[in-house]
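Residue strings, one per chain:
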Amino acid sequence: MASTLPDHPHTSPDLSRPAATPHQQERNGRVEVHGIDHIPETERRGRARELFSVWAAANVNYLNLVVGGALVLTGLSLWQAFAVVVTGNLFWLGTGLLSVSGPAAGAPSEVITRAMYGVRGNRVNNAVTGWMISVCYFALNLAAAAVAAFSLVERAGLTPTTPIKIAIVVAIVVLTLTISVYGHAVIVRLYLPITLALTAAFAVVGYAIVRHADFGWTQPEPLTGGRLWAAVLAGVTLIASGPLSYTTSADFSRYLPVSTSPRAVLGWTALGGFLPSVVVGGLGVLGATAVDMTDPQAALQRILPGWFNPVFLLSLVIGTIAVNALTAYSAGLALQAVGIRIRRTLSVLVDGAVAVALTLYALLVSNFLDTVSNVLQLTVVLLGPSTAIYATDILLRRNRYDGRALGDESPDSPFWYRAGFNPAGALALTGGVVGAALCVDTLYTGPVAALTGVDLALPAGIAVAAVAYALLMRRRV
C-alpha cells in the first residue's frame, strides 16, 4: 500500500515517527520512533560487535538443550550427535550473511526483500514467512516459558489455577513486549547483561551435566546404513531450522553505519548464534546420557543443586523472553510491511495479543500447540528456499541496496517489476518449495523421500531456489 503522506509520496515511514533530532530517542530512552522506514546515515550508530550479545542472548536457551538431547533419542551416538549439532548450526553463517544487507540499505529485512519479490509480492512473503510463522514461534516459546513459570509458582506453595496461569502468561508477554516496543536501542543495551546472566546459569547446569554424564555411553542398537543417514539429515534439518527462522537478521543491523565492515556484521551475527547454540546443544547431548531427556525440565532438576532449581526455572523464562522479544519486534515490522497502516508499537502489541490467545487456548483448552509444532516442522520447506533467495540476491547485487528506493511503493518504483511482482523471485521460491516438498519426510513423506528413505528437503529446497533465482535475475541485476 503506497504511502499518502505529502512530504514523501512514495515512501512508507513509521506512522509513529515524530519530528525529532538524531539520537533523541536513544539519549532519552524513549520508544524507538522508526518502523520500516529508511534510517538516515545521521542516525546510524554502534559497532558490529554489539550484534554478538543480541544473538547470544536469544540462543543461550532451553530449546537448544532439548534439541541436543533429542538427537540422542533418535538413535545417534554421542559423537554423531555432536557432529550434527555443529553442522546444523553452521547455518548461522546464512543468518550472518543476510544481516549484512541491514547497514547497506538502512532498512529492515521486511523491506529489503522487495528487491526479490516486488512491492506487492513482498507483502505476501511478509504475511507468511514474516508474520504468521513468527507468531506461531512466539506462541510455542511462550507456552514453554509459561510451563516453567507454573513450576516456579508451585515451588512457592501456590496452586497454579486457571486465573493464575492466565496472569502468568500475560505477565511474561508484558515483559516481552515492553522490550519489543522500546525497540532496537533497548535490545542492544539489555541483551549483554542477559547474555551474561544466562551464561552463568547454564554454566551451573553444564557443570551438573558433565559431572553425571557417561562419556563412554553407547546406543544399545547403533544405527547403520540408510537409517543412520536418515537420522543425521533429520537432525541437521532440525538444528538448522533455528537459524533459518531468522530471515529478518537485518532488522537488528540496520542502525549500523553504512561504512561498517560486512565481514564484521556477518561474523559477529553468526558467532553470536553459533557459539551458544553449539555449547548448549552439546550439553543437551551429554544430558541424554545422565537423565531422561523426554522430560528434561523435571529430569535436570534431579541432578541440579536444590538451591539452584528456582534459578534454573527463572533462567528458562528469561531466555524465552529474550527470544520472543526479537520475534515480536520483527513480526511487528512484518505486519507493517504487509501494507497495513499501523504504528510499529501497535503492530507489536497486536502480535502479542494473537500469541497470547493461541497460547492460552493451547494450555487451557486443547493440544493446539502440538498441531502448530507439527506444522512448524514443515517450515523448513519454505524457510530454506526463502533464505537461499535472499542470500543469492545479496551476492548478485554485491550487497548494494538503495534504502530510499526500496521504500518507494509506487508503480514508479525500481522494484515494482511486473504489476508489483518479481517473476524471478516468485518462480524461484515456488521451485524451491516444490523441490523441498518432494523430498520432505515429516508430517508426510514426499515421493523422493519415499524412494531414498531420507529427508533431503533442506538441501533440495536451498539448491533449487538459489540456482533458479541466480539464473532468472542475473541479467536484470
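From a predicted model like this one, the values you see are computed outputs, not experimental measurements.

Definitions and limits used
Residues numbered from 1 in each chain as written. Predicted model: local features only at pLDDT ≥ 70, side-chain atom pairs only at ≥ 80, totals over all residues. Heavy atoms only, no water. Salt bridge = Lys/Arg side-chain N within 4 Å of Asp/Glu carboxyl O. Buried < 20%, exposed > 50% of the residue type's maximum accessible area, 1.4 Å probe, protein only. Helix = DSSP H or I, 4+ residues; strand = E, 2+ residues; numbered from the N terminus. Expected span 1.5 Å × (residues − 1). Arc of directions from axis to C-beta. Contact = heavy atoms within 4.5 Å. Axes fitted to C-alpha atoms, helices over the stretch in contact; angles between N-to-C directions. Parallel < 35°, antiparallel > 145°, perpendicular 65-115°, else oblique. Left-handed = near helix turned anticlockwise from the far one by under 90°. Nonpolar A, V, L, I, M, F, W, Y, C, P; charged D, E, K, R; others polar. Polar contact = N/O pair within 3.5 Å; in protein donor to acceptor, adjacent residues only side chain to side chain. pLDDT = per-residue confidence, 0-100. Phe/Tyr/Trp six-rings, centres within 6.5 Å; stacked < 30°, edge-to-face > 60°. Patch = residues over 30% accessible without salt bridge, like charges linked within 9 Å, V, L, I, M, F, W, Y side chains within 5 Å. Areas by Shrake-Rupley, 256 points an atom, 1.4 Å probe, with all protein chains shown as cover.

1. Notes on the pattern of salt bridges
What the rule picks out here adds up to five salt bridges. Measuring nitrogen to oxygen at the nearest pair gives 3.8 Å for the salt bridge that ties Glu41 to Arg44. Note on Arg44: relative accessible area 8%, which makes it buried. Glu409 is the partner of Arg123 in a salt bridge, and the nearest nitrogen-oxygen pair spans 3.1 Å. With Arg123 in helix α9 (residues 119-155) and Glu409 in the loop between α19 (403-406) and α20 (423-439), this residue pair connects regions lying 286 residues apart in the sequence. Taking relative accessible area as the criterion, Arg123 reaches 18% and is therefore assigned buried.

2. Notes on helix α4 (residues 78-89)
Because each turn of an α-helix spans 3.6 residues, side chains separated by three or four positions end up pointing in the same direction. End to end, α4 covers 17 Å across 12 residues, agreeing with the expected 16 Å (1.5 Å per residue, within 8%). Of all the positions in α4, only Leu78, Ala81, Val84, Val85, Gly88 and Asn89 are classed as buried. Take α4 and look down its axis: the buried residues cluster within an arc of 125°, on one side only. For α4, the elements touching its buried residues are α3 (62-73), α5 (92-99), α12 (225-244) and α13 (262-287).

3. Quick notes on α20
Over its 17 residues, α20 extends 24 Å from the first C-alpha to the last, a length consistent with the 24 Å expected when each residue adds 1.5 Å. All buried positions along α20 are accounted for by Ala424, Gly425, Ala428, Leu429, Gly432, Gly435, Ala436 and Cys439. Looking straight down α20, one finds its buried side chains confined to an arc of 130°; they lie on one side.

4. Brief notes about the environment of Met293
In this structure, Met293 sits in the loop between α13 and α14 (296-301). Remark: the alpha-carbon pair of Met293 and Val66, spanning 227 residues in sequence, is separated by 7.1 Å. Setting aside residues up to four positions removed in sequence, Met293 forms contacts with Leu65, Val66, Gly69, Leu73, Gly284, Gly287 and Ala288.

5. Quick word on the packing of helix α2 (residues 50-57) against α13
Axis separation between α2 and α13 bottoms out at 7 Å; the angle between their running directions is 30°. Accordingly, the angle class assigned to the pair α2 and α13 is roughly parallel. Note on packing geometry: the crossing formed by α2 with α13 is right-handed. In this structure, α2 uses Leu51, Phe52, Trp55 and Ala56 to contact α13, whose residues at the interface are Val265, Trp268, Thr269, Leu271, Gly272, Gly273, Leu275 and Pro276. Here the residues of the contact of α2 with α13 are counted per class, giving nine nonpolar, three polar and no charged.

6. A word on the side chain of Gln219
Within the secondary structure layout, Gln219 lies in the loop between α11 (184-212) and α12. With a relative accessible area of 13%, Gln219 lands in the buried category. Of note is the side chain of Gln219, whose polar atom sits 2.8 Å from the backbone oxygen of Val72. Setting aside anything within four residues of it in sequence, one finds Gln219 in contact with Val72, Gly75, Leu76 and Ser77.

7. Here we look at the confidence of the model for the protein chain
Detail in the predicted coordinates should be disregarded across regions flagged by low pLDDT. On average, the protein chain scores 88 in pLDDT, and the residues at 70 or more come to 91%. Residue range residues 1-28 is modelled with pLDDT below 50. Its contacts to residues more than four positions away, or to other chains, number 65 contacts.

8. Brief notes about the packing of aromatic side chains
All chains considered together, the criterion is met by nine aromatic pairs. Ring centres of Phe52 and Trp268 lie 6.1 Å apart, and the angle between their planes is 80°; this geometry places the pair in the edge-to-face category. Pair noted here: Phe52 is in helix α2 and Trp268 is in helix α13, with a separation of 216 residues, a long-range link. Its relative accessible area of 22% is what places Phe52 among the partly exposed residues. With a relative accessible area of 32%, Trp268 lands in the partly exposed category. The structure contains a cluster of three or more aromatic residues connected by ring pairs, namely Trp55, Trp92, Tyr246, Phe252 and Tyr329.

9. Some words on the environment of Thr269
Tracing the sequence through the fold places Thr269 in helix α13. Taking the relative accessible area as the measure of exposure, Thr269 reaches 0% and is therefore buried. Linking Thr269 and Ala331, residues 62 residues apart in sequence, is a C-alpha distance of 19 Å. Dropping the residues within four chain positions of it, Thr269 is found in contact with Leu51, Trp55, Thr95, Gly96 and Ser99.

10. Observations regarding a nonpolar patch on the surface
A surface patch of nonpolar side chains, about 330 Å² in accessible area, is lined by Val124, Val128, Met132 and Phe421. One can find Met132 in helix α9.

11. Overview of unusual backbone geometry
Phi at Tyr417 is positive, roughly 55°, even though this residue is not glycine. Within the element layout of this structure, Tyr417 appears in the loop between α19 and α20. Even without a glycine there, the phi angle at Ala419 is positive, about 55°. Along the chain, the position of Ala419 falls in the loop between α19 and α20. For Ala419, a relative accessible area of 47% corresponds to the partly exposed category.

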